[in-house]
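# Coordinate inspection notes
Each chain is listed here by its residues.
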Amino acid sequence: MYKNINDKLEFTDRFKRVEAGVRARLRPRDPREFTLIEPIPTNGKNPFADVFEQMPDAPYVIALAHAIVRSWLDMPCVIYPDEAVVGITRPTYPIMEHFSWGITFYDDKIDAEHGFESEEAIKTEKARIEALRERMTPLDMSHMHDAGIALLGEEKYKELTATEMYWAGGYQGHTLPNYVTLLTNGLDGMLEIIDKYAAINAKDKETADFYEANRILARGMIAHLEKYAAYAKELAETETDPTQKRYYEEISENCAFVAHNKPKTLYQAVQLAWILSLWDWVDCIGRVDRFFLPFYEYSKEHGDVISVEESITSFMFKIWEGGSHNSTLGGCDPETGKDSTNELSYLFLQVLRNIHDSHPRMVVRITEDTPRELTDLMVKIWSEGMCDPTVVSDKTVIPGLLGLGVTLEDARNYATLGCQEIEIPGKCNTGCEDGSFNLAKIFEIAMLGGKSTVNHDYQLGPVTKPFTECETFEEFFDGYVTQLKYFTEIHLYLCRKGQECRAANHAKLLKGLFTDGCLEKGIPHDAGGPIYGYGVIETAGLAATADSMMAIKKFIFDEKKLTKEQLVTMLKANFEGFERERQMLLNASPKFGNDNNEVDELAVRILDIYWTEIGKYETGRGGVYTGACSLLLGGITYGETMGALPDGCFAKEPLGNTMGPRPGFDKNGLTAMLNSVSKLPMEKGVGGTTLNVILTTKMLATPELRRSVSDTLRSFLANGGCMAQITTANKEDLIDAKCHPERHGDLTVRVGGYSIQFVQMDGVSQDEIISRYV
């Protein structure tokens, strides 16, 4: 029905008006990405401070739950003309909870714009918050830093931090709630589940408080829906336009029903799912074409208040405006393993196609039996200038998840989240991400025999032979591995301390209500409640490390065209005065991303050692670590910390933000680049290991070209590839957009896990995008 790529879905007149309203309100990418949209003013309200001030003796988790609820119920209801699904994001209060940390302070929101109109009012509110800050933050990042100092000593920890080798503690945020649990049980049913497990597990006050906090949240969500039902009813009573009056009545009935009942129709299901998404910061949704399917089929058979197309469009418009991070389509059936693509898979893509924006982000799982029509539609969407959807391989991901101890049925049910991380919906807390680590910084330290890259006289790592004293390549490589293992252990120790902060802060209290294991065990989300708690470490600098290793192997140890001392001198000078030698390093040494077995094997060897090593360590949540690579702008920021490298790159050049070559280093075409990446041990990096792929609209201009690209990507995903995220902009358009941004407002590119309008990026980031084009 929605498969024909030449027939674009046309919105109904009603939803064309809704779309126009959304576009008029739409905020730039960053406010939507962080769900700090501020659709309405705060008017000087600070519900979190109010609750904690009014409940000085309440257990932290109880006060937190009440504060979350009040932050929703204190805001007015807003229903936009013609819309069918209702609810808007919260205003940005000075204090709010967030799933990546816990209670977060937005001190910049205490100003006249946010309702604190006088200097005295601002001063008073800041003082009030400061008095509450310690109680509202059971653990802050000083917990991690203090642990680092205790482990290494203050001097060494300070030196290590100065190298900017890693990010520890990470984001530790995105996880997928179990939308199926909510849609199957309804909110009243969730209260029954809480009571059932509380009767079994609440043997002490702390556990009893945890269950009570979950009751508070469930009742708050019910009250939120009831408030919208009452408000819509009031609007209907005074509305003179008969059509809009009917819309208000339908909204009122729908909200009142799902406040207490399990949904039956698709319209009911999308309204209830949207409320959970709202309370979850419009984060990640999961396998929408699967969990909405029973309601879609019911509404098709029995009818509904609005059409199935309008229900899905309503949901998509909401997560578009709200900045949803990720939804997943396609993939195999958890029970049978057969491809489960259905009509909703196509419908979601057709709505996405019409929206044509950086949000909502979507990923399509590719199986060996994914219908050709689905991949044809995806490639057609790319040909029209969009960067979504990303594609991910069932054949690669599922075995990798099995290796982490995930059951076969759960592994088959994986979904994507955040900026292309992977987990099991409603059963996981996988860090996402626990930290990131720069393999190329370890290369620099190994060159110095374990000394700091900041203070070359300081022995930061174990003593190994510096590069200039190594007699063979393998001797140098062994030193690199020694340094890598040493700093990996320290990094993961610090990441675990970041996990302890989240657990103390009840960062994912709301998510835990809808995550299998938390209620069943009476254990909060970040404290190990979910069924799976493996960790994720984002991995930077692989290509730069492999290319640099290749260069020294070739020119120093094998061909002896340079001496070790000459190379060190060149690197210290950032190649000033050595352009001829730099060009040799840059162009005459094989580079990862060109299907050259020698350098590719080095990349495989390095990554396999690192991802095997992190897999030896346990998280604080239960489970071990797996690798990932979706670095957002991390490839730029890590690159800025680097000196010149033997691969021929100057100091401070970008490292690349996905598991591909350094920007612009893939000279042999798309297939060669994909072949290089598919050799990597992706089964050890199933935290979400994506790849930037440039497929310009010119490369997708004809059906024959689109079919060729589709076949190439399917082959990549069937033969070791994990993910591919697409940029379709033409290079000349990007260059023109830097000079004339007003001409290119909708020119979209892919960064390292998200899409963004090119003209909304800073100049450094724009240059990194352009440098990817050969």
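One can find the structure itself at the top, above this paragraph.
The strands making up a sheet associate through backbone hydrogen bonding, with each pair oriented either parallel or antiparallel. Reading across the sheet, the six strands line up as E4-E5-E6-E7-E14-E13 and stay open at both edges, with mixed pairing between neighbours. Two strands close off the open sheet at either side, each with one partner strand: strand E4 (284-287) and strand E13 (692-694). The average undirected angle you get between the axes of adjacent strands in this sheet is 25 degrees. Two elements, strand E6 (residues 362-366) and strand E7 (residues 390-393), share four bridges in a ladder whose sense is parallel. Looking at E7, one finds that Arg 365 is bridged to Val 392. Sitting on the sheet, helix H17 (residues 394-403) is in contact with E6 and E7, with an inclination near 55 degrees to E7.

Another point: the pairing of strand E11 (residues 535-540). Most of E11 sits inside the fold, with six of its six residues counted as buried. Burial along E11 is two-sided: the residues Gly 535, Ile 537 and Thr 539 and Val 536, Glu 538 and Ala 540 are all buried. Looking at chain direction, E11 and strand E12 (residues 625-628) are connected through four bridges and run parallel. Opposite Ile 537, over in E12, you have Gly 627 as the bridge partner.

Turning to the pattern of salt bridges, a few remarks are in order. Pairing between side chains of opposite charge can happen when their charged atoms approach one another. This structure, assessed with the given rule, holds 48 salt bridges. A salt bridge links Glu 500 to Lys 497; the nearest nitrogen and oxygen atoms lie 3.4 Å apart. In this pair, Glu 500 and Lys 497 both sit in helix H20 (residues 473-505), three residues apart, roughly one turn of the helix. Residue classification places Glu 500 among the partly exposed positions, given a relative accessible area of 28%. By relative accessible area, Lys 497 is classed as buried at 15%.

Here the focus is the sheet that holds strand E10 (residues 435-438). Spatially, the four strands line up as an open sheet ordered E3-E10-E11-E12, and their pairing is mixed. For this open sheet the edge positions go to strand E3 (166-168) and E12, each flanked by a neighbour on one side alone. Averaged over all pairs of adjacent strands, the angle between their axes in this sheet comes to 30 degrees, without regard to strand direction. Sheet topology note: the E3/E10 ladder contains three bridges and is antiparallel.

Moving on, we come to the packing of helix H1 (residues 13-25) against helix H14 (residues 308-322). One way to put it is that H1 packs onto H14 with a least axis distance of 11 Å and a crossing angle of 5 degrees. On the basis of their axis angle, the class for H1 and H14 is roughly parallel. Contacts between H1 and H14 involve Arg 14, Phe 15, Val 18, Glu 19, Val 22, Arg 23 and Arg 25 from the former and Glu 310, Thr 313, Ser 314, Phe 317, Trp 320 and Glu 321 from the latter. Taken together, the residues of the contact of H1 with H14 sort by class into five nonpolar, two polar and six charged.

Looking now at the nonpolar core. Residues Trp 279, Phe 292, Phe 315, Phe 348, Leu 401, Phe 437 and Tyr 480 are the most contacted members of the largest nonpolar core, which totals 228 residues. Among the elements that take part in this core, helix H9 (residues 205-238) stands out by supplying 14 residues, more than any other. Those residues within four positions of Phe 348 in sequence are excluded, and the remaining contacts are Val 288, Asp 289, Phe 292, Ile 312, Phe 315, Met 316, Leu 329 and Met 362. One finds Val 749, Val 751, Ile 756 and Ile 769 within the second-largest nonpolar core, a separate group that totals 14 residues.

Its 14 residues give helix H11 (residues 266-279) an end-to-end C-alpha distance of 20 Å, which sits within 8% of 20 Å, the value for a rise of 1.5 Å per residue. Judged by how many residues are buried, H11 sits mostly within the fold: 14 of 14 residues are covered. Of the residues trailing H11, Trp 281 is marked for its positive phi of about 65 degrees.

Procedures and definitions
- Residues numbered from 1 in each chain as written.
- Predicted model: local features only at pLDDT ≥ 70, side-chain atom pairs only at ≥ 80, totals over all residues.
- Heavy atoms only, no water.
- Pairing = 2+ DSSP bridges.
- Helix = DSSP H or I, 4+ residues; strand = E, 2+ residues; numbered from the N terminus.
- Axes fitted to C-alpha atoms, helices over the stretch in contact; angles between N-to-C directions.
- Contact = heavy atoms within 4.5 Å.
- Buried < 20%, exposed > 50% of the residue type's maximum accessible area, 1.4 Å probe, protein only.
- Salt bridge = Lys/Arg side-chain N within 4 Å of Asp/Glu carboxyl O.
- Parallel < 35°, antiparallel > 145°, perpendicular 65-115°, else oblique.
- Nonpolar A, V, L, I, M, F, W, Y, C, P; charged D, E, K, R; others polar.
- Core = buried A, V, L, I, M, F, W, Y, C linked by side-chain atoms within 4.5 Å.
- Expected span 1.5 Å × (residues − 1).

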